[in-house]
Amino acid sequence: MQTEEEILKIKKVKNTAVRTVVLRHLLSHEKAQSLKDIENALAYTDRSSIFRTLKTFEENKVIHSIEDGSGMTKYAVCAEGCNCDPIDLHYHFYCTNCDKTFCLFDIPIPNIQLPKNFKLQQANMVVKGLCDNCNR
């Protein structure tokens, strides 16, 4: 697994203390994190700095955002080698019991044949049900 510093260097994002701590937090969690989750975990970090960091990460394809239907955007670190191109898009799983969202990196979104002159910029595929822990 790549370190925070390596990821930021590969994505050509300037390394700052806030960026390192936010990325470290995201890397340490199996599930996608909402802004609120990150703010609660990093209570001593300025809220606007966290938000700006997430936007910078998203613009530079360090992370991707997920609209899982919960009403809160969630964020997850992109897989190694991901450029957020259509070929990199994957499904997400939202647990309806615990509200956790997981990236299903091994299940790519199928290629969709769009009408002439249409361009795919983003796809959001969310499967809902019970996660392993809640299904026990």
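Below: a short report on this structure. Each chain has its residues counted from 1, running along the sequence as written. Only residues with pLDDT of 70 or above have their local features reported here, since the model is predicted, and side-chain atom pairs are shown and tallied only from 80 upward, although totals for entire chains, interfaces and linings are computed over all residues. As a convention, hydrogens and water are excluded, and side-chain values are obtained from all of the structure's heavy atoms.

### Focus on the overall build of the chain
Then, in step 1: Along the backbone of the chain there are four helices and six strands.
Then, in step 2: Elements are defined by DSSP. Helices are runs of H or I of four residues or more, strands are runs of E of two residues or more, and each kind is numbered from the N terminus. Written out in order from the N terminus, the α and β elements of the chain read α-α-β-α-α-β-β-β-β-β.
Then, in step 3: Using C-alpha atoms as the atom set, the radius of gyration is obtained and then compared with a globule rule of 2.2 Å times the number of residues to the power 0.38. Relative to its length of 136 residues, the chain is compact, with a C-alpha radius of gyration of 15 Å against a globular reference of 14 Å.
Then, in step 4: Buried residues are those whose accessible area, probed at 1.4 Å on protein chains only, stays under 20% of the maximum for their type, while exposed residues exceed 50% and partly exposed ones sit between those limits. A buried classification covers 35% of the 136 residues belonging to the chain.
Then, in step 5: Throughout, a residue-residue contact means that at least one pair of heavy atoms, one from each residue, lies within 4.5 Å. Sequence-distant contacts, at least 24 apart, represent 52% of the contacts inside the chain between residues at least 6 apart.
Then, in step 6: Surface accessibility of the chain: about 8900 Å² in total, with carbon and sulfur atoms responsible for 50%. Per-residue and other accessible areas follow the Shrake-Rupley method at a 1.4 Å probe size, with only the shown protein chains counted as cover for residues.

### Some thoughts on the side chain of histidine 64
Then, in step 1: Tracing the backbone shows histidine 64 in strand β2 (residues 63–67).
Then, in step 2: Looking at histidine 64, the relative accessible area reads 12%, which means it is buried.
Then, in step 3: Polar contact criterion, stated in full: a pair of N or O atoms within 3.5 Å, where within protein one must be able to donate a hydrogen and the other to accept it, and residues adjacent in sequence count only if both atoms are side-chain atoms. Of the polar contacts made by the side chain of histidine 64, one reaches the side chain of histidine 92; its length is 3.2 Å.

### Structural notes on the nonpolar core
Then, in step 1: Throughout, nonpolar core names a set of buried Ala, Val, Leu, Ile, Met, Phe, Trp, Tyr and Cys residues whose side chains join them through atoms within 4.5 Å. One finds Val22, Leu23, Leu26, Leu54, Phe57, Val62 and Ile63 to be the most contacted residues of the largest nonpolar core, which totals 16 residues.
Then, in step 2: Put simply, the parts of the chain that give this core at least two residues each are α1 (4–10), α2 (17–27), α4 (47–59) and β3 (73–77).
Then, in step 3: For this core, the element with the highest residue contribution is α2, accounting for four residues.

### Things to note about the packing of α2 against α4
Then, in step 1: Where α2 meets α4, the axes come as close as 10 Å, and the angle between the chain directions of the two elements is 75°. Between α2 and α4, the angle is such that the two are roughly perpendicular. Residues Val18, Arg19, Val22, Leu23 and Leu26 of α2 pack against Ser49, Ile50, Thr53, Leu54, Thr56 and Phe57 of α4.
Then, in step 2: In this classification, Asp, Glu, Lys and Arg are treated as charged, Ala, Val, Leu, Ile, Met, Phe, Trp, Tyr, Cys and Pro as nonpolar, and every other residue, Gly included, as polar. Looking at the contact of α2 with α4 residue by residue, the classes come out as seven nonpolar, three polar and one charged. Only the contacting stretch of a helix is used when fitting its axis, a line to C-alpha atoms as for every element, and angles between N-to-C directions run 0 to 180 degrees. Here the word oblique covers every angle except those under 35 degrees (roughly parallel), over 145 (roughly antiparallel) and from 65 to 115 (roughly perpendicular).

### Some thoughts on α4
Then, in step 1: By definition here, a helix of n residues has an expected span of 1.5 Å times n minus one. With 13 residues, α4 ought to run about 18 Å at 1.5 Å a step, and its terminal C-alpha atoms sit 19 Å apart, in line with that.
Then, in step 2: Every buried residue of α4 is listed here: Ser49, Ile50, Thr53, Leu54, Thr56 and Phe57. Viewed end-on, α4 has its buried residues packed into an arc of 165°, placing them on one side of the element. Residues Arg47, Arg52 and Glu59 are exposed on α4 and point more than 90 degrees away from its buried face.
Then, in step 3: One or two steps after α4, the chain reaches lysine 61, where phi turns positive at roughly 60°. Throughout, the arc means that of the directions going from the helix axis to the C-beta atoms.

### Let's talk about α2
Then, in step 1: Residues of α2 that are buried: Arg19, Thr20, Val22, Leu23, His25, Leu26 and Leu27.
Then, in step 2: On its buried face, α2 is in contact with α1, β1 (33–34), α3 (35–41), α4, β2 and β3.

### Brief notes about the pairing of strand β5 (residues 101–108)
Then, in step 1: By the bridge criterion, five bridges tie strand β4 (residues 90–95) to β5 in an arrangement that is antiparallel. Across the sheet, residue tyrosine 91 finds its bridge partner in β5, namely leucine 104.
Then, in step 2: The loop that links β4 with its antiparallel partner β5 comprises five residues; one of these, aspartate 99, has a positive phi angle of about 65°. Strand pairing is assigned whenever DSSP identifies at least 2 bridges connecting the two strands.

### What about the sheet that holds β2?
Then, in step 1: Taken together, three strands build an open sheet; the order of strands is β1-β3-β2 and the sheet is antiparallel. Two strands bound the open sheet, and with one partner strand each, they are β1 and β2.
Then, in step 2: Of the pairings in the sheet, the one linking β1 to β3 comprises two bridges and is antiparallel in character. From the neighbouring strand, glutamine 33 faces β3, where its bridge partner is tyrosine 75.
Then, in step 3: Sitting on the sheet, α2 is in contact with β1, β2 and β3, with an inclination near 90° to β3.

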